[in-house]
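Understanding the architecture of this molecule
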Amino acid sequence: QVQLVESGGGLVQPGGSLRLSCAASGTIFSIDSMGWYRQAPGKERELVADMTSAGWTNYADSVKGRFTISSDNEKSAWFLQMNSLKPGDTAVYYCNGVIKPTDWSRGLDYWGQGTQVTVSS
(Lines give C-alpha, C1' and ligand atoms only; values in the text may rest on other atoms or scores of the structure.)
Protein backbone atom coordinates (compact mmCIF):
# COMPACT_ATOMS: atom_id res chain seq x y z
CA GLN A 1 0.00 0.00 0.00
CA VAL A 2 1.17 3.52 -0.76
CA GLN A 3 0.62 6.49 1.52
CA LEU A 4 1.19 10.18 0.89
CA VAL A 5 1.77 12.44 3.88
CA GLU A 6 1.78 16.20 3.55
CA SER A 7 3.24 18.85 5.78
CA GLY A 8 3.98 22.55 5.78
CA GLY A 9 0.60 24.25 5.74
CA GLY A 10 -0.34 27.07 8.06
CA LEU A 11 -1.31 30.70 8.43
CA VAL A 12 0.70 33.32 6.57
CA GLN A 13 0.26 37.00 5.81
CA PRO A 14 -0.29 38.23 2.26
CA GLY A 15 3.03 38.41 0.45
CA GLY A 16 4.52 35.68 2.59
CA SER A 17 5.84 32.25 1.68
CA LEU A 18 5.19 28.64 2.61
CA ARG A 19 6.72 25.36 1.50
CA LEU A 20 4.56 22.26 1.33
CA SER A 21 6.07 18.80 1.39
CA CYS A 22 4.66 15.45 0.33
CA ALA A 23 6.34 12.19 1.25
CA ALA A 24 5.37 8.91 -0.36
CA SER A 25 5.91 5.65 1.50
CA GLY A 26 5.08 2.00 1.06
CA THR A 27 5.61 -0.28 -1.91
CA ILE A 28 6.80 1.99 -4.72
CA PHE A 29 8.37 0.91 -7.99
CA SER A 30 8.14 4.26 -9.72
CA ILE A 31 6.44 7.63 -9.44
CA ASP A 32 5.19 8.61 -12.87
CA SER A 33 3.87 12.03 -11.94
CA MET A 34 3.47 14.17 -8.87
CA GLY A 35 1.31 17.18 -8.26
CA TRP A 36 -0.51 19.56 -6.01
CA TYR A 37 -4.20 20.41 -6.04
CA ARG A 38 -6.23 22.74 -3.87
CA GLN A 39 -9.84 23.16 -2.86
CA ALA A 40 -11.27 26.35 -1.45
CA PRO A 41 -14.60 26.40 0.43
CA GLY A 42 -17.50 26.10 -1.98
CA LYS A 43 -15.23 25.48 -4.96
CA GLU A 44 -14.11 22.43 -6.87
CA ARG A 45 -10.68 20.93 -6.44
CA GLU A 46 -8.27 22.41 -8.97
CA LEU A 47 -4.80 21.64 -10.22
CA VAL A 48 -2.10 23.94 -8.88
CA ALA A 49 1.02 22.35 -10.36
CA ASP A 50 2.27 18.99 -11.52
CA MET A 51 5.47 17.41 -12.70
CA THR A 52 6.27 14.29 -14.70
CA SER A 53 9.08 11.90 -13.87
CA ALA A 54 10.97 13.43 -16.80
CA GLY A 55 10.84 16.82 -15.12
CA TRP A 56 8.16 18.52 -17.22
CA THR A 57 6.17 20.95 -15.12
CA ASN A 58 2.75 22.53 -15.51
CA TYR A 59 1.20 25.34 -13.48
CA ALA A 60 -2.21 26.90 -13.13
CA ASP A 61 -2.21 30.40 -14.61
CA SER A 62 -3.10 31.86 -11.23
CA VAL A 63 0.15 30.65 -9.63
CA LYS A 64 2.66 30.97 -12.48
CA GLY A 65 5.72 32.91 -11.39
CA ARG A 66 4.83 32.54 -7.71
CA PHE A 67 4.77 28.77 -7.04
CA THR A 68 7.42 26.19 -7.86
CA ILE A 69 7.06 22.42 -7.80
CA SER A 70 10.15 20.30 -7.22
CA SER A 71 11.03 16.78 -6.18
CA ASP A 72 13.58 14.65 -4.39
CA ASN A 73 13.29 11.37 -6.23
CA GLU A 74 15.66 9.51 -3.91
CA LYS A 75 13.34 10.28 -1.02
CA SER A 76 10.10 9.83 -2.98
CA ALA A 77 9.11 13.34 -1.99
CA TRP A 78 7.94 16.45 -3.74
CA PHE A 79 7.43 20.03 -2.70
CA LEU A 80 5.51 23.18 -3.49
CA GLN A 81 7.29 26.44 -2.79
CA MET A 82 4.69 29.17 -2.58
CA ASN A 83 5.82 32.79 -2.68
CA SER A 84 3.93 36.08 -2.83
CA LEU A 85 0.89 34.41 -1.34
CA LYS A 86 -2.50 36.06 -1.76
CA PRO A 87 -5.76 35.64 0.16
CA GLY A 88 -7.11 33.90 -2.93
CA ASP A 89 -4.59 31.12 -2.37
CA THR A 90 -6.40 30.10 0.81
CA ALA A 91 -7.48 26.49 0.45
CA VAL A 92 -6.82 22.93 1.51
CA TYR A 93 -3.86 21.70 -0.51
CA TYR A 94 -3.61 18.05 -1.53
CA CYS A 95 -0.65 16.25 -2.97
CA ASN A 96 -1.26 13.70 -5.69
CA GLY A 97 0.92 11.03 -7.19
CA VAL A 98 0.52 8.53 -10.02
CA ILE A 99 2.53 5.65 -8.65
CA LYS A 100 3.34 2.13 -9.78
CA PRO A 101 3.62 -0.18 -6.78
CA THR A 102 5.36 -2.85 -8.87
CA ASP A 103 7.02 -3.00 -12.27
CA TRP A 104 4.08 -4.92 -13.75
CA SER A 105 1.26 -2.75 -12.41
CA ARG A 106 -0.26 0.30 -14.01
CA GLY A 107 0.08 3.69 -12.41
CA LEU A 108 -2.44 4.30 -9.65
CA ASP A 109 -3.73 7.59 -8.30
CA TYR A 110 -2.87 8.38 -4.67
CA TRP A 111 -3.83 11.39 -2.56
CA GLY A 112 -2.57 12.96 0.61
CA GLN A 113 -4.87 13.89 3.45
CA GLY A 114 -4.71 17.62 2.74
CA THR A 115 -3.12 20.52 4.54
CA GLN A 116 -4.73 23.88 5.23
CA VAL A 117 -3.12 27.03 3.85
CA THR A 118 -4.62 30.30 5.05
CA VAL A 119 -3.43 33.64 3.73
CA SER A 120 -4.73 36.45 5.88
CA SER A 121 -3.59 39.57 7.66
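Keep in mind the model is a prediction, meaning the values are calculated, not measured. (Residues numbered from 1 in each chain as written. Predicted model: local features only at pLDDT ≥ 70, side-chain atom pairs only at ≥ 80, totals over all residues. Heavy atoms only, no water.)

1. Quick look at the side chain of S76
Residue position: S76 is located in the loop between β7 (67–72) and β8 (77–82). With sequence-adjacent residues up to four places away left out, S76 is seen in contact with C22, A23, A24, I28 and I31. (Helix = DSSP H or I, 4+ residues; strand = E, 2+ residues; numbered from the N terminus. Contact = heavy atoms within 4.5 Å.)

2. Focus: the pattern of salt bridges
What the rule picks out here adds up to four salt bridges. The closest approach of N and O atoms between D89 and R38, which form a salt bridge, is 3.0 Å. In this pair, D89 is assigned in the loop between β8 and β9 (91–100) and R38 in strand β4 (residues 30–39), connecting sequence segments 51 residues apart. There is no split in this pair, since D89 and R38 are both buried. Each of the salt bridges in this network shares a partner with another, and the network as a whole consists of R38, E46, R66 and D89. (Salt bridge = Lys/Arg side-chain N within 4 Å of Asp/Glu carboxyl O. Buried < 20%, exposed > 50% of the residue type's maximum accessible area, 1.4 Å probe, protein only.)

3. Concerning the sheet that holds strand β3 (residues 18–26)
Strand order across the open sheet formed by four strands is β1-β3-β8-β7, with antiparallel pairing between neighbours. The two strands at the open ends of the sheet, each matched to only one other strand, are β1 (2–7) and β7. Each strand axis lies, on average, 15° off the axis of its neighbour in the sheet, ignoring direction. In the sheet, β1 pairs with β3 via six bridges, with the strands oriented antiparallel. Following the sheet pairing, S7 is matched in β3 by S21. (Pairing = 2+ DSSP bridges. Axes fitted to C-alpha atoms, helices over the stretch in contact; angles between N-to-C directions.)

4. Brief notes about the nonpolar core
With 29 residues, the main nonpolar core has L4, W36, W78, L80, M82 and Y93 as its most contacted residues. Sorting the residues of this core by element identifies β1, β3, β4, β5 (46–52), β7, β8, β9 and β11 (115–119) as the ones contributing at least two each. Setting aside its immediate chain neighbours within four residues, M82 contacts G16, S17, L18, L20, R66, F67, Y93 and V117. (Core = buried A, V, L, I, M, F, W, Y, C linked by side-chain atoms within 4.5 Å.)

5. Examining the side chain of N96
With respect to the helices, strands and loops of the structure, N96 is situated in strand β9. We classify N96 as buried; its relative accessible area is 6%. Separated by 3.0 Å, the side chains of N96 and D109 make a polar contact. From its side chain, N96 meets the backbone oxygen of Y110 in a polar contact 3.3 Å long. If near-sequence neighbours (up to four positions away) are discounted, N96 is found in contact with L4, S33, M34, G35, Y37, W78, D109, Y110 and W111. (Polar contact = N/O pair within 3.5 Å; in protein donor to acceptor, adjacent residues only side chain to side chain.)

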